[in-house]
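Listed below are the residues making up each chain.
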Amino acid sequence: MLLAAPAQAASAPQPCAAGSVRLTFDDGPSATATADILDTLADRGVEATFFVTGEMAAARPDLVRRASQEGHRIGNHSWSHPRLTTLDRAQVESQLRRTSEVIERATGRSPGEWRPPYGATNGLVEAAARQVGLDSMVLWTVDPRDWADPPATTIRDRVLRDVRPGSVVLLHDATGRNTPAALPMILDGLAERGYCTQ
Ligand SMILES: [Zn+2]
């Protein structure tokens, strides 16, 4: 009988009762934020995706390797973060191929996922991506604009306001000084709402 349903049950949702949310970190790895973020993810047993640039990955391949070894996915976010739609086909392929090579050297695996800087894409860019083995473009649905350095509580509030089952959350581990401080609060809020993360 419905009458017997205990109201208390709502205060402790089952993990994943609300669905899952994907956390993504762009533009790193960086000496300033990535290790902190990896520590928090490891403490919570949460897996995420890092869309690295080739320039940053070449400078800190140890952090790319660590993220991969700790179960996170590594995606390709171009070499130097240009707006790919302004480049010709050969330039786009170079941006993406060189980055995949750095990722493969660091992790032993060439990425299949990629994210165009600024979300700027078109048919030429996507054809170039497929040409270099990037078959899964991953954009985002929740953008708390953490790169503009709002307070950590604001980053959390924006994510929790906009999150839905299946959301892809865009965060940054290079720009975004307050992102490492926001992450534990975001994870707490998602768990309280019954979301699991991937
Ligand atoms: Zn970016």
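Residues numbered from 1 in each chain as written. Predicted model: local features only at pLDDT ≥ 70, side-chain atom pairs only at ≥ 80, totals over all residues.

Going by what an unreviewed UniProt entry lists, the protein chain is known as Polysaccharide deacetylase and is assigned to Geodermatophilus siccatus.

### Looking at helix H1 (residues 34-44)
For the record, the criterion: For every residue, the other C-beta atoms within 10 Å of its own C-beta are counted; 20 or more classify it as buried, 12 or fewer as exposed, and values in between as partly exposed. C-beta atoms are placed from the backbone. Think of it this way: any DSSP run of H or I at least four residues long counts as a helix, any run of E at least two long counts as a strand, and we number them from the N terminus. Note that the arc is defined by the directions from the helix axis to the C-beta atoms. Contact between two residues is assigned whenever their backbone-derived C-beta positions fall within 7 Å.
Every buried residue of H1 is listed here: Thr34, Ile37, Leu38 and Leu41. Projected onto a plane normal to the axis of H1, the buried residues spread over an arc of 100° and lie on a single side. Where the residues of H1 are buried, they touch strand S1 (19-26), helix H3 (61-69) and helix H7 (179-192). Backbone geometry just after H1 places Gly45 at a positive phi near 65°.

### Structural notes on the packing of helix H6 (residues 152-162) against H7
The test is simple: Between N-to-C directions, angles cover 0 to 180 degrees, with each direction set by a line fitted to C-alpha atoms, over the stretch in contact for helices. Should an angle lie under 35 degrees it is considered roughly parallel, over 145 roughly antiparallel, and from 65 to 115 roughly perpendicular; all remaining angles are considered oblique. Two helices that cross are described as forming a left-handed crossing if the nearer one is turned anticlockwise from the farther one by less than a right angle, and a right-handed crossing if clockwise.
Their axes nearest at 8 Å, the elements H6 and H7 cross at an angle of 40°. Classified by the angle their axes make, H6 and H7 are oblique. You can see that H6 and H7 cross each other, and the crossing is right-handed. Contact residues: Ala152, Thr153, Ile155, Arg156, Val159 and Leu160 in H6; Thr179, Ala181, Ala182, Met185, Ile186 and Gly189 in H7.

### Considering the UniProt feature "domain: NodB homology" (unreviewed entry) in the protein chain
To be explicit about the condition: UniProt positions are given in the numbering used here, feature names are shortened, and annotations may be inferred rather than shown by experiment.
The UniProt entry lists residues 19-198 under the feature "domain: NodB homology" (unreviewed entry), expressed in the numbering used here. Along residues 19-198 one finds 44% helix and 16% strand; the C-alpha atoms at either end are 11 Å apart.

### Digging into the nonpolar core
Our working rule: Nonpolar cores are built from buried Ala, Val, Leu, Ile, Met, Phe, Trp, Tyr and Cys residues. These are joined into a set through C-beta atoms within 7 Å.
With 35 residues, the main nonpolar core has Phe50, Val52, Ala57, Val64, Ile103, Val163 and Val169 as its most contacted residues. Looking at this core element by element, the count peaks at five residues for H7. Aside from chain neighbours lying at most four places away, what touches Val52 is Gly28, Pro29, Ala57, Val64, Ile74, His77 and Ile103. Counting residues in each nonpolar core, the second largest holds nine residues, with Leu96, Val125, Val132 and Leu134 among its members.

### Some points on helix H5 (residues 123-131)
Within H5, the full set of buried residues consists of Val125, Ala128 and Ala129. With its buried residues spanning 100° around the axis, H5 presents them on a single face. Turned more than 90 degrees away from the buried face of H5 sit Gly123, Ala127 and Arg130, all of them exposed. Tucked into the core, H5 has its buried residues touching helix H4 (89-107), strand S4 (113-114) and strand S5 (136-137).

### Regarding unusual backbone geometry
Across the junction of Gly28 and Pro29, the peptide omega takes the value 0°, indicating a cis bond. Mapped onto the elements of the fold, Pro29 is located in the loop between S1 and H1. The residue Asp27 is not glycine, and still its phi comes out positive at about 80°. With respect to the helices, strands and loops of the structure, Asp27 is situated in the loop between S1 and H1.

### Points about the environment of Glu47
Looking at the secondary structure, you find Glu47 in the loop between H1 and strand S2 (49-52). Along the chain, Glu47 and Arg73 lie 26 residues apart, while their C-alpha atoms are 7.9 Å from each other. The residues touching Glu47, leaving out its near neighbours within four places in the chain, are Gly71, His72 and Gln198.

### With respect to the pairing of S2
Defined as follows: Look down the strands so they point away from you; if the path from the first strand over the helix to the second goes clockwise, the crossover is right-handed. A strand pair is defined by DSSP finding two or more bridges across the two strands.
Residues of S2 alternate between two faces, with Thr49 and Phe51 on one and Phe50 and Val52 on the opposite face, all of them buried. The handedness of the S1 to S2 crossover, carried by H1, is right-handed. In this structure, S2 lies alongside strand S3 (residues 73-76), joined through four bridges in parallel fashion. Of the residues in S3, the one forming a bridge with Val52 is Asn76.

### With respect to the packing of H3 against H4
Definition in use: Asp, Glu, Lys and Arg are counted as charged, while Ala, Val, Leu, Ile, Met, Phe, Trp, Tyr, Cys and Pro are counted as nonpolar; the rest, among them Gly, fall into the polar class.
With their axes 8 Å apart at the nearest point, H3 and H4 run at an angle of 65° to one another. In terms of orientation, H3 and H4 fall into the roughly perpendicular class. As H3 runs across H4, the sense of the crossing is right-handed. Contact residues: H3 offers Pro61, Val64, Arg65 and Ser68, while H4 offers Ile103, Arg105, Ala106 and Thr107. Taken together, the residues of the contact of H3 with H4 break down into four nonpolar, two polar and two charged.

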